[in-house]
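# Descriptive analysis of the structure
Here is what each chain is made of, one letter per residue.
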Amino acid sequence: MDNLTHSLAGWALGEAGLKRRTGLGLATLIIAANLPDIDVIGLAFGENLAFRRGITHGPLAWAIMIPGLALAMQAFDRWQARRGTRPESRPPVHLGWLLVLSAIGVLSHPALDFLNVYGIRLLMPLSERWFYGDTLFIIDVWVWLALGLGVFLARRRKREGPARAALAVVAAYVGLMGYGSHVAEVKTAQAVNAAGYGKPRQVVANTPPINPFRRQMIYDVGGRYGYGETSLLPPRLSLAAPFATHMDDPAIPAAAAQSKEIADFLYWSRLPFAEVKRDAGTARVVLNDARFLDRRGPSLFRVEAIVPERSQ
């Protein structure tokens, strides 16, 4: 999810009562809720899709981040005390509670990231398997609204109830959205089979940013992908005929061997498809992922490389 969502989640947890457990409790929760996204620093070193949502989102990183943040917050409090700048209104800092709040905040991050179609390698470095929730769009305005309103009312009324209610509403919303995606995937699989396109290997429900009752469907029938549109209310489903992915073209492994960008894309991609154009002894390979292809405009993720035919 986006960092505003992560920040609001940490903030709402704090306003729900956790911030009162220790001095710097609220700051700890908000920082911890964003901490796994420190992997964005990889962009400065030429890393991209294959590096994100990996090692910093897995158990090894949690084991480092959780105590590291708690100790850093304790050290900050002591540093302010030595300088005479520690606010008198701040409650005492308890390392034990800082550890607990750091853990809650850090673990809330992969829990939220799991919910969309982008994916997360939840068990890195123990396993490189990607996990997908297919539940929320990466930026969900309804989650923003619920958490933001809960935080605002909790602070204004100086009560924990609104923040707790907001967290409960978001939890229920996530559950209903997940169930809706599951229903859409099952219905689409049945419709694809009934249409004679074959038995789907996988069906992905891609949630749009605004309308919680609609899903863009993507199905994989082995070497071919197809799109669909479904509405949960009122119930409606339409399917488009599948198209060839061309992922068996020999130019693709040649491009991956030549280009780190291509290799990283193939490692990250869930539903890759290719366009290969040959001219004068070379092959131009263009890769997209069906999850992020806007049929009305340019692809959101796209990589390409040109390889000599003789390298195949």
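The structure this text deals with has already been given above.
Just so it is clear, the model here is predicted, and its values are computed rather than measured. (Residues numbered from 1 in each chain as written. Predicted model: local features only at pLDDT ≥ 70, side-chain atom pairs only at ≥ 80, totals over all residues. Heavy atoms only, no water.)

## Points about the overall build of the protein chain
Filter applied, for reference: Put simply, DSSP marks the helices as runs of H or I at least four residues long and the strands as runs of E at least two long, and each gets a number from the N terminus on. Counted as positive: Lys and Arg. Counted as negative: Asp and Glu, with His and the chain ends omitted from the count. Positions of charges follow a simple convention, taking NZ of Lys, CZ of Arg, CG of Asp or CD of Glu.
A tally of regular secondary structure across the protein chain gives eight helices and eight strands. Its C-alpha atoms give the protein chain principal-axis dimensions of roughly 75 × 50 × 30 Å. Each charge class in the protein chain can be summarised by its mean position, and for the 35 positive and 25 negative side chains these summaries are 9 Å apart.

## A word on helix α2 (residues 25-34)
To keep things clear, this is the line we draw: Each residue gets one of three labels from its accessible area relative to the maximum for its type: buried under 20%, exposed over 50%, partly exposed in between, using a 1.4 Å probe on protein chains only.
For α2, the buried fraction is high: seven of the 10 residues fall into the buried class. Within the sequence span of α2, burial applies to Gly 25, Leu 26, Thr 28, Leu 29, Ala 32, Ala 33 and Asn 34.

## Re helix α8 (residues 260-268)
Using the following cut-off: As used here, the arc belongs to the directions running from the helix axis to the C-beta atoms. Contact definition: two residues touch when any of their heavy atoms are within 4.5 Å. Residues adjacent in sequence count toward polar contacts only when both atoms are side-chain atoms; beyond that, a polar contact is any pair of N or O atoms within 3.5 Å, and within protein one must be able to donate a hydrogen and the other to accept it.
Restricting attention to buried positions, one finds in α8 the residues Ile 262, Asp 264, Phe 265 and Trp 268. The arc that holds the buried residues of α8, viewed along the axis, is 165 degrees, so those residues lie on one side. Buried positions along α8 lie against α7 (251-258), β6 (272-279), β7 (282-289) and β8 (302-308). Here α8 starts with a cap whose side-chain oxygen sits 3.3 Å from the backbone nitrogen of Glu 261, and that cap is Ser 259.

## Some points on the sheet that holds β7
Backbone-to-backbone hydrogen bonds join strands into a sheet, with any given pair of strands oriented parallel or antiparallel. Here is the rule we go by: DSSP bridges decide pairing: two strands pair if at least two such bridges lie between them. Interaxial angles span 0 to 180 degrees and are taken between N-to-C directions of axes, which are lines fitted to C-alpha atoms, for helices over the stretch in contact.
Pairing within the open sheet is antiparallel, and its three strands lie in the order β6-β7-β8. The sheet is open, and its two borders are formed by β6 and β8, each paired with just one other strand. Each adjacent strand pair in this sheet contributes to an overall mean axis angle of 20 degrees, direction not counted. Relative to the sheet, α7 contacts β6, β7 and β8, its axis offset from that of β8 by approximately 100 degrees. Contacting β6, β7 and β8, α8 crosses the sheet at an angle of about 35 degrees to β7.

## Remarks on the pattern of salt bridges
Stated precisely, the cut-off is as follows: We define a salt bridge as a contact between a side-chain nitrogen of Lys or Arg and a carboxyl oxygen of Asp or Glu at a distance within 4 Å.
Tallied over the full model, the rule gives 16 salt bridges. Residues Lys 260 and Asp 264 are paired through a salt bridge, measuring 2.6 Å at the closest nitrogen-oxygen approach. Of this pair, Lys 260 and Asp 264 both sit in helix α8, four residues apart, which is roughly one turn of that helix. One salt bridge in this structure joins Glu 304 and Arg 284, with 3.0 Å as the shortest N-O distance. Placement of Glu 304 in strand β8 and of Arg 284 in strand β7 is noted, with a sequence separation of 20 residues between them. Residue Glu 304 is classed as partly exposed on the basis of its relative accessible area of 36%. Each of Glu 15, Lys 19 and Arg 155 takes part in a single network of salt bridges with overlapping partners.

## Side note on the nonpolar core
One broad rule of soluble globular proteins: the nonpolar side chains tend to lie buried together. Counted only if it meets this: Remark: nonpolar core denotes a set of buried residues (Ala, Val, Leu, Ile, Met, Phe, Trp, Tyr, Cys) joined through side-chain atoms within 4.5 Å.
Ranked by size, the top nonpolar core spans 27 residues in total, and within it Trp 268, Leu 287 and Ala 290 carry the most contacts. Only β3 (224-231), α7, α8, β6, β7 and β8 provide two or more residues apiece to this core. For this core, the element with the highest residue contribution is α7, accounting for four residues. Of all hydrophobic cores here, the second largest spans 15 residues; its members include Ala 9, Ala 12, Ala 146 and Val 174.

## Examining the environment of Val 203
Among the secondary structure elements, Val 203 is positioned in strand β1 (residues 202-206). Note: C-alpha distance between Val 203 and Lys 187 (16 residues apart in sequence) is 9.8 Å.

## Side note on a nonpolar patch on the surface
The criterion, for reference: Each patch is assembled from residues with relative accessible area greater than 30% and no salt bridge, linking like charges that lie within 9 Å and nonpolar side chains (Val, Leu, Ile, Met, Phe, Trp, Tyr) that lie within 5 Å. Residue exposure ignores everything except the shown protein chains as possible cover, and the areas themselves are Shrake-Rupley values with a 1.4 Å probe.
On the surface, a nonpolar cluster with roughly 310 Å² of combined accessible area is contributed by Trp 142, Leu 145 and Ile 210. Among the structural elements, Leu 145 can be located in helix α5 (residues 141-157).

## Describing the packing of aromatic side chains
As a reminder of what qualifies: Each pair of aromatic rings taken from Phe, Tyr and Trp, with Trp reduced to its six-membered ring, is defined by centres within 6.5 Å and is described as stacked if the planes are under 30 degrees apart, edge-to-face if over 60, and tilted in the remaining cases.
Evaluated as defined, the whole model comprises 13 aromatic pairs. Between Tyr 118 and Phe 301, the aromatic rings sit 6.3 Å apart at their centres with planes inclined by 65 degrees, giving edge-to-face as the arrangement. Of the two residues, Tyr 118 is situated in the loop between α4 (95-113) and α5 and Phe 301 in the loop between β7 and β8; the sequence distance between them amounts to 183 residues. Look at Tyr 118 and you get buried, because its relative accessible area is 11%. One aromatic cluster is present, formed by Tyr 118, Phe 265, Trp 268, Phe 292 and Phe 301 through successive ring pairs.

## Structural notes on the side chain of Thr 22
As for its position among the elements, Thr 22 is in the loop between α1 (3-15) and α2. Overall, Thr 22 belongs to the buried group, its relative accessible area being 2%. Apart from the residues within four sequence positions on either side, Thr 22 is in contact with Pro 92, Val 93, His 94, Trp 97, Leu 98 and Leu 101.

## Let's talk about the packing of α1 against α5
Threshold: Handedness of each helix crossing follows the sense of rotation of the near helix against the far helix: counterclockwise by less than a right angle gives left-handed, clockwise gives right-handed. Amino acids outside the nonpolar list (Ala, Val, Leu, Ile, Met, Phe, Trp, Tyr, Cys, Pro) and the charged list (Asp, Glu, Lys, Arg) are all regarded as polar, and Gly is one of them.
Remark: α1 packs on α5, axes separated minimally by 9 Å, with the N-to-C direction vectors making an angle of 35 degrees. Between α1 and α5 lies a crossing of left-handed hand. Contacts between α1 and α5 involve Leu 4, Thr 5, Leu 8, Ala 9, Trp 11, Ala 12 and Glu 15 from the former and Val 143, Trp 144, Leu 147, Gly 148, Val 151, Ala 154 and Arg 155 from the latter. Classifying every residue of the contact of α1 with α5 by side-chain character gives 10 nonpolar, two polar and two charged.

## Details of the environment of Ala 154
Within the fold, Ala 154 resides in helix α5. In this structure Ala 154 comes out as buried when scored by relative accessible area, which is 2%. Separated by 68 residues in the primary sequence, Ala 154 and Gly 222 place their C-alpha atoms 51 Å from one another. Apart from the residues lying within four places of it in its own chain, the contact partners of Ala 154 are Glu 15, Arg 159, Pro 162 and Ala 163.

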